[in-house]
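Commentary on secondary and tertiary structure
Listed here are the chains, written in short residue letters.
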Amino acid sequence: MIQSVDRAVRILTALQGARRMGLGELAAELELAPSTVHGIVRTLLDHGMIAQERDSGRYRLGPATLRLGNVYLDTLELRSRSVPWAEDLAARTGMAVRTAVLLAGPGGDVIVVAHEPRPGGGRQMNEVGIVVPAHACALGKALLAFDPAGEPAFDTAGEPLRSMTGETITDPARLRTELAAIRRVGLATEAEEAVLGEYGLAAPVADHSGTIAGAIGLVVPQTEWPVGPGATDALRAAARSISRELGAPSWPPVVRDRPAASA
């Protein structure tokens, strides 16, 4: 790992979620000397990756991060392949549809890369870019269940996982049991685990190598839970069709052996 690059990424990560931080706060967050952080901050400023507020002197993410994000979305085949199927799935079920991928690195989060609003639901917020803990949502659980690299993200040496609501699964052992069940049926669920009043159903999407490319899921209102077989079948069909277009040899994906722990 290149130390300076790692530190720059950690600074950008610290500023995500509309956070504004001073140099001292960033130094404390990274557990580094302010002089060390200052040099990295100046470089990120020069490239537009962060910006400094004139009145407070605090730092926030800069406009260049949006450009990189748009390039990522424009080149993500999962997103382009899923859009027409998500539109059809929303029309068939009357529910909003999200497509997400697993974020690399610590934390075990998923990020929404495509969002199809609920048909006839009036004005709705575009949810592209929303980050949710993987263990707290159906999309994330579908990804963790079929991605061998995902499980270590919640291997916290017995410590509880982050709680979003009173319904969030915080026990790693209980989560592993649920992931095993998801692998058997090919679908994951959530019941007010990330947001109160919101339920979800999600399925994995595979690519040409047979590995997980992402997940697609329904956002289910409390009044419509549990969903009927029509919505379940439509979600399965969408996930299978997207996987086929990405060249997947089978669906649900075949779970590869998890890498052995190093001695």
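Quick summary incoming for the structure in this document. Computed from a prediction, not measured in an experiment: that's the story for all the values here.

Further remarks concern the packing of helix 2 (residues 23-30) against helix 3 (residues 34-46). Direction vectors running N to C along helix 2 and helix 3 enclose 110 degrees, while the axes themselves pass 9 Å from each other. One element, helix 2, and the other, helix 3, form an angle in the roughly perpendicular class. From helix 2, Leu-23, Leu-26 and Ala-27 reach across to helix 3, where they touch Pro-34, Val-37, His-38 and Val-41.

Time to look at a nonpolar patch on the surface. There is a patch of nonpolar side chains on the surface, built from Ile-2, Val-5 and Val-9 and spanning about 270 Å² of accessible area. For Ile-2, a relative accessible area of 59% corresponds to the exposed category.

The linkage connecting Trp-225 with the following residue, Pro-226, adopts the cis geometry, with an omega of 0 degrees. Tracing the backbone through its elements, the reader meets Pro-226 in the loop between strand 8 (212-221) and helix 8 (229-245). The linkage connecting Trp-251 with the following residue, Pro-252, adopts the cis geometry, with an omega of -5 degrees. Along the polypeptide, Pro-252 turns up in the segment after helix 8.

With that settled, consider the pairing of strand 6 (residues 188-191). Side-chain direction in a regular strand flips from residue to residue, so the side chains alternate between the two faces of the sheet. Residues Ala-188 and Glu-190 line the buried face of strand 6, whereas the alternating positions Thr-189 and Ala-191 sit on a face that is not buried. Sheet topology places strand 6 next to strand 7 (residues 198-206); 4 bridges connect them, and they run antiparallel. Note that in strand 7 the partner of Ala-188 across the bridge is Ala-202. The antiparallel hairpin formed by strand 6 and strand 7 contains 6 residues in its connecting segment, where Glu-192 sits at a positive phi of about 55 degrees.

Attention shifts here to helix 2. Among the residues of helix 2, those classed as buried are Leu-26, Ala-27 and Leu-30. Seen end-on, helix 2 carries its buried residues on one side only, within an arc spanning 100 degrees. Taken together, the buried residues of helix 2 touch helix 1 (3-14), helix 3 and strand 2 (59-61). Immediately beyond the C-terminal end of helix 2, within one or two residues, lies Glu-31, with a positive phi of roughly 60 degrees.

Now for the nonpolar core. Formed by 27 residues in total, the largest nonpolar core has its most connected members in Leu-78, Leu-89, Val-97, Val-205, Ile-216, Leu-218 and Leu-235. The dominant element in this core, judged by the number of residues it contributes, is helix 8, at 6 residues. Excluding residues within four positions of it along the chain, Val-205 makes contact with Leu-78, Thr-211, Ile-212, Ala-213, Gly-214, Ala-215, Ile-216, Ala-239, Ile-242, Ser-243 and Leu-246. Within the second largest apolar cluster, 23 residues are counted, among which are Ala-134, Ala-138, Leu-161 and Ala-194.

All right, on to the sheet that holds strand 4 (residues 109-116) then. Strand order across the open sheet formed by 6 strands is 5-4-3-8-7-6, with antiparallel pairing between neighbours. What marks the edges here is a single partner per strand, and that holds for strand 5 (131-133) and strand 6. Pairwise comparison of adjacent strand axes, ignoring direction, gives a mean angle of 30 degrees for this sheet. Strands in contact with helix 5 (residues 77-93) are strand 3 (96-102), strand 4, strand 7 and strand 8; relative to strand 3, the strand with the most contacts, it is inclined by about 150 degrees.

Rules used in this analysis
Residues numbered from 1 in each chain as written. Predicted model: local features only at pLDDT ≥ 70, side-chain atom pairs only at ≥ 80, totals over all residues. Heavy atoms only, no water. Axes fitted to C-alpha atoms, helices over the stretch in contact; angles between N-to-C directions. Helix = DSSP H or I, 4+ residues; strand = E, 2+ residues; numbered from the N terminus. Parallel < 35°, antiparallel > 145°, perpendicular 65-115°, else oblique. Contact = heavy atoms within 4.5 Å. Patch = residues over 30% accessible without salt bridge, like charges linked within 9 Å, V, L, I, M, F, W, Y side chains within 5 Å. Areas by Shrake-Rupley, 256 points an atom, 1.4 Å probe, with all protein chains shown as cover. Salt bridge = Lys/Arg side-chain N within 4 Å of Asp/Glu carboxyl O. Buried < 20%, exposed > 50% of the residue type's maximum accessible area, 1.4 Å probe, protein only. Pairing = 2+ DSSP bridges. Arc of directions from axis to C-beta. Core = buried A, V, L, I, M, F, W, Y, C linked by side-chain atoms within 4.5 Å.

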